[in-house]
Amino acid sequence: MYKEFGCCDYEKDQQLMAKYYQIMDNFDYYGYANCAGFVLELICQECSPYAAHLFDAEDPHTPVRTIPGLCPDYCSQYWKKCRDTIPLLSDHPHIAKVKEDQTNLCWYLELGDMDYCYPHLLSKQKLTQNLGRVQSDSDGCLQLCLEEVANGLRNPLAMVHANDGTHRFFVAEQVGLVWTYLPDRSKMEKPFLNITKAVLTSSWEGDERGFLGLTFHPQYKYNRKLYVYYSVEVGSDERIRISEFLVSSNDMNVVDHTSERRWWNFTDDVLPIYVYPHKMGKSVTGGYVYRGCEYPNLNGMYIFGDFMSGRLMSLQEDTNTGQWKYNEICMGMGMTCTFPGLINNYHQYIISFAEDEAGELYFMSTGVPSATSPSGVVYKVVDPSRRAPPRQCHYDPLPVRVKSNLIKFVPQETLISIEPPRKNEDVPQPTVSTDWLRELIDSLDEVGPGPTTPLPTTTTPRTPRHSRRKGRRRKGKPRVQGAPELQNGAVRLVGDEQGRSDHGRVEIYIDGEWGTVCDDLWTIKNAAVVCQQLGFRYALKAAKNSEFGEGKDLQILLDDVQCDGTESSLLNCKHSGVGSHNCVHYEDAGVICGNSNYVVEV
């Protein structure tokens, strides 16, 4: 009944089908006629788009239900006709205790939020109107998620498949190594190709020389040919080499390095279908039109990125007008990506995009753009709003003869700011202190004249640990009674038209002056540092393009900020140096913070 949403994969669908027949084998024709429909509906709720609500699975601190939350009238009908199926559906001791008492059983199976009880939730338009569509925020930014596929790579710049039915994928590093991965994401210990001695590259950040491309011959399955593209040094000249190799006849996971045939360079120009200004990015990383099976809503969408700004973007052609519609892609906020194996962040420098043998979409990025830094990760693009029907995308890879040791894949990336507040737990509110604002104004007067920017009209929250610093001061400066001294790295949010203290342009205090932060490389991890510094639990958005106005009267103090999300200040993050930037104020960065991790309207 939920095949259009694809919330369950093929294996789960098979498990539920087996469970259904196992239960129904206990009944005669009369029992089958009366109860088959009830049993089918109840076990299939595990694949409902609302399964997290129906089984109380949103909160990790509460036990998951064994029977979904039922509406009272439906529960009453089920009990009267089919209560003998209850012990076959659930082994919960309390359900076993009350199963003969209709009132107590149905009361126990009720949900706290009756809007989500089955089956009435299916008819609530408010809940179903956007079901199965790619979600977007108020700015039209598409909310997608990621799945980590490989890590520890040195500038991974290509991922390809051989189209031979094995569903292996091959990832190339800039230093000249290519690695083989199996469908379960384990990696061959022995490289597929190693031409590190021939490849010209360096450890300098941003050096684009090196191994640059890899593709398999369309008839690879029959001729074992592949082609590589890399930088070489010939005498005092630097050149591009394109070579043909053959895969070993003795090992399908290793190239025969003696088989190389060489050609030299030849980059035809093609007119672009879309251009964007430097305020959005400075280096296009070309992508693919999604033609995969698992995420139907992405079909026909061209997904690409920008190496410098870290933006993920999409274009989709209007077949009637021939025009391309642009949407930025954001990582899912709130509960969007709270599914096993999904994450909502990625390393900033987007190097390349890829397709696997099934047509699913991937991209590679790194935290340090150096050919020798093992910070590269391969990510799979995931649309959590809708998956293809079970069975439709199932495939059985051909067997691979493995002669090398295998290295098991261990994910390293984590979901950011997703833990929901516990039920009945009081959510801490931002600190409100009129005295503190007065003290801050006094301390600004103490610093002396400089560029003036009005403080926000509402109070700014702060982290409780700041109170321990109250009264600390520099030597020789007169002390303002009770005033906290501003420390390098202090931040404030300004510019929100509605005066909200959790929205605003980020301004940072460094060496006696306030300034702005450029949005190059600005991510949710950077925003998390700011929000936590101000006393909020979550960063809900990393705002770009001077969303909260331009701080024209201030200097731009930080650019190319890259945080892990755990630092105590933006100054502790990697950045280009205080006052060193190549930005203008229409690139001023901002944040939206909160103590609840649900999406907020801007």
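See the structure printed just above.
None of these values were measured; they are calculated from a predicted model.

Undergrad: Before we go on, may I ask you to explain the pattern of salt bridges in this structure?
TA: Note that side chains of opposite charge can pair when their charged atoms are close. Under the criterion given, the structure shown has 23 salt bridges. As a salt-bridge pair, E100 and R83 come within 3.8 Å of each other at their nearest N and O atoms. One end of the pair, E100, is in the loop between α6 (93-98) and α7 (102-108); the other, R83, is in the loop between α4 (72-82) and α5 (86-89), and 17 residues separate them in sequence. Notably, a salt bridge pairs K552 with E550, separated by 3.8 Å at the nearest N-O pair. Overall, K552 belongs to the exposed group, its relative accessible area being 61%. Through salt bridges that share partners, R83, K99 and E100 make up one connected network.

Undergrad: Any chance you could explain the packing of aromatic side chains here in plain terms?
TA: Each aromatic ring pair is summarised here by two numbers: the centre-to-centre distance and the angle between the ring planes. Tallied over the full model, the rule gives 17 aromatic pairs. Each ring, one from F38 and one from Y74, has its centre 5.5 Å from the other, and the planes form 65 degrees; the classification is edge-to-face. Here F38 is found in helix α2 (residues 29-44), whereas its partner Y74 is found in helix α4, with 36 residues between them in sequence. Overall, F38 belongs to the buried group, its relative accessible area being 10%. Between the aromatic rings of Y274 and Y326, the centroid separation amounts to 5.4 Å while the plane-to-plane angle is 0 degrees, which identifies the pairing as stacked. Taken together, the residues Y274 in the loop between β10 (255-264) and β11 (284-289) and Y326 in strand β14 (residues 324-331) connect sequence positions 52 residues apart. The partly exposed category is assigned to Y274, whose relative accessible area is 28%.

Undergrad: How should I be thinking about the nonpolar core in this particular structure?
TA: It is characteristic of soluble globular proteins that their nonpolar side chains tend to be buried jointly. If you look at the biggest cluster of nonpolar residues, it comprises 34 residues, and the most contacted ones within it are L70, Y78, L89, L105, L109 and Y118. For this core, the secondary structure elements donating two or more residues are α1 (10-24), α2, α3 (51-54), α4, α5, α6 and α7. Top contributing element to this core by residue count: α2, with 6 residues. Setting aside residues up to four positions removed in sequence, L89 forms contacts with K19, I23, V39, L42, I43, T66, I67 and Y78. If you look at the next biggest cluster of nonpolar residues, it comprises 27 residues, including F536, L557, L558 and C593.

Undergrad: So what exactly am I meant to see when it comes to the environment of E147 here?
TA: Relative to the assigned elements, E147 resides in strand β1 (residues 142-153). Here E147 is in contact with R185, G341, L342, V378, Y379, K380 and V382, once residues within four sequence places are set aside. Reaching out from E147, the side chain makes a polar contact with the side chain of R185 at a distance of 2.8 Å.

Cut-offs and rules
- Residues numbered from 1 in each chain as written.
- Predicted model: local features only at pLDDT ≥ 70, side-chain atom pairs only at ≥ 80, totals over all residues.
- Heavy atoms only, no water.
- Salt bridge = Lys/Arg side-chain N within 4 Å of Asp/Glu carboxyl O.
- Helix = DSSP H or I, 4+ residues; strand = E, 2+ residues; numbered from the N terminus.
- Buried < 20%, exposed > 50% of the residue type's maximum accessible area, 1.4 Å probe, protein only.
- Phe/Tyr/Trp six-rings, centres within 6.5 Å; stacked < 30°, edge-to-face > 60°.
- Core = buried A, V, L, I, M, F, W, Y, C linked by side-chain atoms within 4.5 Å.
- Contact = heavy atoms within 4.5 Å.
- Polar contact = N/O pair within 3.5 Å; in protein donor to acceptor, adjacent residues only side chain to side chain.

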